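Secondary and tertiary structure notes
Residue-level listing of the chains:
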Amino acid sequence: MVRIRLRRTGSRNAPAYRVVVADARAPRDGRFIENLGHYNPLTDPAEVVIDKDRALYWLGVGAQPSETARSLLRQEGILQAFEEAKSRAHETPSE
């Protein structure tokens, strides 16, 4: 299974994270498939940068976000865009 999750970077007591697509069996800071963006919780407000097009692509092919990644995607409006695109694809055209 492919997951969208956080990969920890930064030094001790100063965490920063990268939002990555990785195999669920890979270690937290191990191999990943693609880097989607980054998240810095220490800034005020927290800095979140995620490539929306690539995130929508990975969600579309079945990648499952972790709980924290899901909240970041929701905060950026990416999950809402994915749900809207999915519902538009399932609508039947009226004749």
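Thresholds applied
Residues numbered from 1 in each chain as written. Predicted model: local features only at pLDDT ≥ 70, side-chain atom pairs only at ≥ 80, totals over all residues. Heavy atoms only, no water. Helix = DSSP H or I, 4+ residues; strand = E, 2+ residues; numbered from the N terminus. Buried < 20%, exposed > 50% of the residue type's maximum accessible area, 1.4 Å probe, protein only. Contact = heavy atoms within 4.5 Å. Pairing = 2+ DSSP bridges. Axes fitted to C-alpha atoms, helices over the stretch in contact; angles between N-to-C directions. Core = buried A, V, L, I, M, F, W, Y, C linked by side-chain atoms within 4.5 Å.

Here we come to the overall build of the protein chain. Across its full length, the protein chain carries three helices and five strands. Seen in sequence order, the protein chain has helices and strands lined up from the N terminus as β-β-β-β-α-β-α-α. Counting only C-alpha atoms and orienting by the principal axes, one finds that the protein chain spans roughly 60 × 30 × 20 Å. Here the protein chain holds 95 residues, and 31% of them are scored as buried. A fraction of 31% describes how many contacts in the protein chain between residues 6 or more apart in sequence connect residues 24 or more apart.

To continue, consider the sheet that holds strand β1 (residues 2-11). As summarised here, the arrangement of the five strands in space is β4-β3-β2-β1-β5, forming an open sheet in which the pairing is mixed. The strands lining the two open edges of the sheet, one partner per strand, are β4 (47-50) and β5 (64-65). The pairing of strand β2 (residues 14-23) with strand β3 (residues 34-40) spans five bridges and is classified as antiparallel. For R18, the partnering residue across the bridge sits in β3 and is H38. Here helix α1 (residues 52-60) sits on the sheet in contact with β1, β2, β3, β4 and β5, set at roughly 120° to β3.

Of the strand pairs in this sheet, β3 and β4 are connected by four bridges, and their pairing is antiparallel. Note that in β4 the partner of Y39 across the bridge is V48.

Attention now moves to the nonpolar core. With 18 residues, the main nonpolar core has I4, V19, L36, I50, L59, L72 and L73 as its most contacted residues. Secondary structure elements with two or more residues in this core: β1, β2, β3, β4, α1, α2 (67-75) and α3 (78-90). Dropping the residues within four chain positions of it, L36 is found in contact with I4, V19, V20, V21, V49, I50, D51, R54, A55 and W58.

Spatial relationships are all this shows, so hold off on functional conclusions.
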